[in-house]
Amino acid sequence: MDQKEFEKRMKSHEIQEMILSHQIGGVAYELSKRLNVSPARALDLFYRSQTCADLHNRKTGLYLYGNLYIADEFMLECQDR
């Protein structure tokens, strides 16, 4: 497979969703440690957050950041409530 074909496949919706799902799992794991809750509970809290909505919105660019930064953003969102 050449570079153009590889880049085309990486931009596919399915691949992007897989990458995002992996990233969300990593964020949920980090939040479970910080909040001392189960990973499932952390995932539920994250999915209900504006931070998660921003992560899914490619215009925000949040998807470009690492799990720890995204977890920090979630924690800041919780403090602002």
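How each quantity is defined
Residues numbered from 1 in each chain as written. Predicted model: local features only at pLDDT ≥ 70, side-chain atom pairs only at ≥ 80, totals over all residues. Heavy atoms only, no water. Axes fitted to C-alpha atoms, helices over the stretch in contact; angles between N-to-C directions. Helix = DSSP H or I, 4+ residues; strand = E, 2+ residues; numbered from the N terminus. Parallel < 35°, antiparallel > 145°, perpendicular 65-115°, else oblique. Left-handed = near helix turned anticlockwise from the far one by under 90°. Contact = heavy atoms within 4.5 Å. Nonpolar A, V, L, I, M, F, W, Y, C, P; charged D, E, K, R; others polar. Expected span 1.5 Å × (residues − 1). Buried < 20%, exposed > 50% of the residue type's maximum accessible area, 1.4 Å probe, protein only. Phe/Tyr/Trp six-rings, centres within 6.5 Å; stacked < 30°, edge-to-face > 60°. Lys NZ or Arg CZ within 6 Å of the ring centre and 35° of its normal. Core = buried A, V, L, I, M, F, W, Y, C linked by side-chain atoms within 4.5 Å. Patch = residues over 30% accessible without salt bridge, like charges linked within 9 Å, V, L, I, M, F, W, Y side chains within 5 Å. Areas by Shrake-Rupley, 256 points an atom, 1.4 Å probe, with all protein chains shown as cover. Salt bridge = Lys/Arg side-chain N within 4 Å of Asp/Glu carboxyl O.

Asks: Honestly, the packing of helix α2 (residues 13-35) against helix α5 (residues 67-80) in this entry has me stumped. Any pointers?
Replies: At their nearest, the axes of α2 and α5 sit 9 Å apart, and the two run at 55 degrees to each other. With respect to their mutual orientation, α2 and α5 come out oblique. Crossing angle aside, the handedness with which α2 passes α5 is right-handed. Where α2 approaches α5, its residues Gln23, Gly26, Val27, Glu30, Leu31, Arg34 and Leu35 are matched on the opposing element by Asn67, Leu68, Ile70, Ala71, Asp72, Phe74 and Met75. Looking at the contact of α2 with α5 residue by residue, the class counts come to 8 nonpolar, 3 polar and 3 charged.

Asks: Which parts of the structure should I look at to understand α2?
Replies: In an α-helix, one full turn covers 3.6 residues, which means residues spaced three or four apart are oriented alike. Between the first and last C-alpha of α2 there are 32 Å, a value that for 23 residues agrees with the 33 Å anticipated at 1.5 Å per step. Taken together, the buried positions of α2 are Leu20, Gln23, Ile24, Val27, Ala28, Glu30, Leu31 and Ser32. Of the surrounding elements, those touching the buried residues of α2 are α3 (39-47), α4 (50-56) and α5. Just beyond α2, the residue with positive phi is Asn36, at close to 55 degrees.

Asks: Looking at this structure, I do not really get the packing of aromatic side chains. What am I missing?
Replies: Under the definition given, this model contains 2 aromatic pairs. Between Tyr65 and Tyr69, the aromatic rings sit 4.4 Å apart at their centres with planes inclined by 20 degrees, giving stacked as the arrangement. Taking the relative accessible area as the measure of exposure, Tyr69 reaches 37% and is therefore partly exposed. Its guanidinium or amino end placed over the ring of Tyr63, Arg58 lies 4.1 Å from that ring's centre, counting from NZ or CZ.

Asks: Is there a simple way to explain the nonpolar core in this structure?
Replies: As a rule of thumb, nonpolar side chains are buried together in soluble globular proteins. Counting residues in each nonpolar core, the largest one holds 12 residues, listed as Leu20, Ile24, Val27, Leu31, Ala42, Phe46, Cys52, Leu55, Leu62, Ile70, Ala71 and Phe74. For this core, the secondary-structure elements that each account for two or more residues are α2, α3, α4 and α5. Among the elements that line this core, the one with the most residues is α2, at 4 residues. Those residues in contact with Ile24, other than ones at most four positions away along the chain, are Leu43, Phe46, Tyr47, Leu55 and His56.

Asks: Even after reading the chapter, I still don't get a nonpolar patch on the surface, so can you show me in this structure?
Replies: Taken together, the side chains of Leu64, Tyr65 and Tyr69 make up a nonpolar region of the molecular surface, amounting to roughly 340 Å² of accessible area. With respect to the helices and strands, the residue Leu64 is situated in the loop between α4 and α5.

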